[in-house]
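What follows is each chain in one-letter form.
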Amino acid sequence: MKVEQIYTGCIAHAAYYVENNGEAAIFDPLREVQPYIDRAKKDNAKIKYVFETHFHADFVSGHLDLKSKTGAQIVFGPTAKPNYEALIATDGQIFTIGNYKIKVIHTPGHTMESTTYLLIDENDKEHGIISGDTLFIGDVGRPDLAQHVIADLTQDKLARHLYHSLREKIMPLSDDLIVYPNHGAGSACGKNMSKETTDTLGNQKRTNYALRPDMTEDEFVDELLTGLTTPPSYFPKNVLLNLKGYESLDKVIEKARRPLNPTDFETLANVSGALILDTRNANDFAKAFIPNSINIGIDGSFAMWVGEMITDINQAILLVTEPGREEECMIRLSRVGYDNTIGYLEGGFESWKQKGKETDSLKRITGEQLEAMHQTEDLPLFDVRKKSEFDSEHLLDSVNIPLNQLNEKISSFPKEKPFVIYCAGGYRSMIAASILKQRGFDSFVDVSGGFNEIVKTTQLPKTTYVCPSTLL
């Protein structure tokens, strides 16, 4: 059976392309839909359906643009109530793609409309399931997201729905089915996902904690809810965009594709109140940057950290990028609903320097330099890794302020006293450093190689390592 997984690692997202006999279907597409259109064109196929497994929280789906560009029918599972035309399928309903069949299996739990699609080949053999956020490899979808949009859908209520969906709808299926989930490791839609992005259902029945056959409903709920961290703040906003609709990506990019010389860039920044977002790598940013800009590097979990750290999804944004990567940054912003990019610095940061405009900088040090400083100064140490990383191993006397809590805990950092910040490898700490600098903090340094470098190159005292899976 022709099933292609189209995986986007920076947001740990999997879309699927299914084609047979000149007809194609796309499952859970990203915002930029041209790659799906090009893929179907390569097969001389018409995209007939866009299947959505649920209203996504971690990205804005491309279903509306695909419908607009190709005429494909949008399909949701039972109970979905979008604010636009879509086919709301019934449990057990069958759709055809050429000689293939797609069977709807309503699996509420992650959300109430969550649906798994059973893939059946031209010989009527069941091939696999596109499971959305119902079943991951090594995990299942967290049930605490919907309550941020609909208060009555408590995490306990949805967890119990998920228990029954898994045991009554998924586990009775054949062991040889291939599981095609919507996410892999790195997504915040689960808590313990595998790096693998497909598996057999039989192996998941043997290895996935949530599919243990002897679990009671209460045991399942307790285990599922234990260890859940606060979901990213942009998740409810993305749900509403996917539910209510959004502006086409073409129009968003057309507005954003506005090159500005340094003088015009500076003027627009001053009059518009736009946020200057510098997407260069952390080391280049630290050496010199436009005052009051923040750094979120494009070569990392860019969209996720934009969603976490820029609290207003409608915030006007001016981009500073590496030349040639402007549109990539615009698209990746729009993947999580940040559609108000109003221009970019033509020629990148180099053009700003050549014009003699004011710049700022941040001091970065190595782990060995930190060790030398620590011997003569009592510097507060701030670790901006996730709590689970910190709990696994950390420097003695360090304070954990996870990056996604920086905005609400900014007062925890001393303004008049020098301090040190670090993360695991230097990406997240530079995001933190740029925000601290923007808020008026000057007396701090960032460890460029982060905790990983500190462990490898110093003898600074630290806690005994505990495996993160043990903590879970």
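Residues numbered from 1 in each chain as written. Predicted model: local features only at pLDDT ≥ 70, side-chain atom pairs only at ≥ 80, totals over all residues. Heavy atoms only, no water.

The name recorded for the protein in an unreviewed UniProt entry is MBL fold metallo-hydrolase, from Flavobacterium lacisediminis.

A.B. asks: Let's hear about the packing of helix 13 (residues 367–376) against helix 16 (residues 450–457): which residues, and what values?
C.D. replies: Packing of helix 13 against helix 16 brings their axes to within 8 Å, and their N-to-C directions diverge by 70 degrees. In terms of their interaxial angle, helix 13 and helix 16 are classed as roughly perpendicular. Between helix 13 and helix 16, the residues in contact are Gly367, Glu368, Leu370 and Glu371 and Glu453, Ile454 and Thr457, respectively. (Axes fitted to C-alpha atoms, helices over the stretch in contact; angles between N-to-C directions. Helix = DSSP H or I, 4+ residues; strand = E, 2+ residues; numbered from the N terminus. Parallel < 35°, antiparallel > 145°, perpendicular 65-115°, else oblique. Contact = heavy atoms within 4.5 Å.)

A.B. asks: Go over the pairing of strand 16 (residues 317–320) with me, naming the residues and quoting the values.
C.D. replies: A two-sided burial pattern is seen for strand 16, the buried positions comprising Ile317 and Leu319 on one face and Leu318 and Val320 on the other. As defined by bridge partners, strand 14 (residues 275–278) adjoins strand 16 across four bridges and the pair is classed as parallel. Bridging from a neighbouring strand, aspartate 278 pairs with valine 320 of strand 16. Bridge count for strand 16 against strand 17 (residues 341–345) is three bridges, and the pairing is parallel. Residue pairing in the sheet places isoleucine 317 in a bridge with threonine 341 of strand 17. (Buried < 20%, exposed > 50% of the residue type's maximum accessible area, 1.4 Å probe, protein only. Pairing = 2+ DSSP bridges.)

A.B. asks: Please set out the pattern of salt bridges residue by residue, giving values where relevant.
C.D. replies: Within this structure, the stated rule accounts for 32 salt bridges. The shortest N-O distance in the salt bridge between lysine 205 and aspartate 175 comes to 2.7 Å. Placement of the pair is lysine 205 in helix 4 (residues 201–207) and aspartate 175 in the loop between helix 3 (155–170) and strand 11 (178–181), with a sequence separation of 30 residues. With relative accessibility at 19%, the residue lysine 205 sits in the buried group. The exposure class assigned to aspartate 175 is partly exposed, which follows from its relative accessible area of 40%. (Salt bridge = Lys/Arg side-chain N within 4 Å of Asp/Glu carboxyl O.)

A.B. asks: Tell me about the environment of aspartate 175, residues and numbers included.
C.D. replies: With 73 residues separating them in the primary sequence, aspartate 175 and isoleucine 102 have C-alpha atoms 18 Å apart. For aspartate 175, the side chain forms a polar contact with the side chain of lysine 205, separated by 2.7 Å. (Polar contact = N/O pair within 3.5 Å; in protein donor to acceptor, adjacent residues only side chain to side chain.)

A.B. asks: Account for the sheet that holds strand 14, with residues named and values stated.
C.D. replies: One open sheet holds the five strands; their spatial order is 13-17-16-14-15, and the pairing between them is parallel. A single partner strand is all that each edge strand has here, and the edge strands are strand 13 (259–260) and strand 15 (294–295).

A.B. asks: Go over unusual backbone geometry with me, naming the residues and quoting the values.
C.D. replies: Phi angles above zero are rare outside glycine, and aspartate 28 is one such case at about 50 degrees. Note that aspartate 28 resides in the loop between strand 3 (23–27) and helix 1 (34–42). Residue classification places aspartate 28 among the buried positions, given a relative accessible area of 1%.

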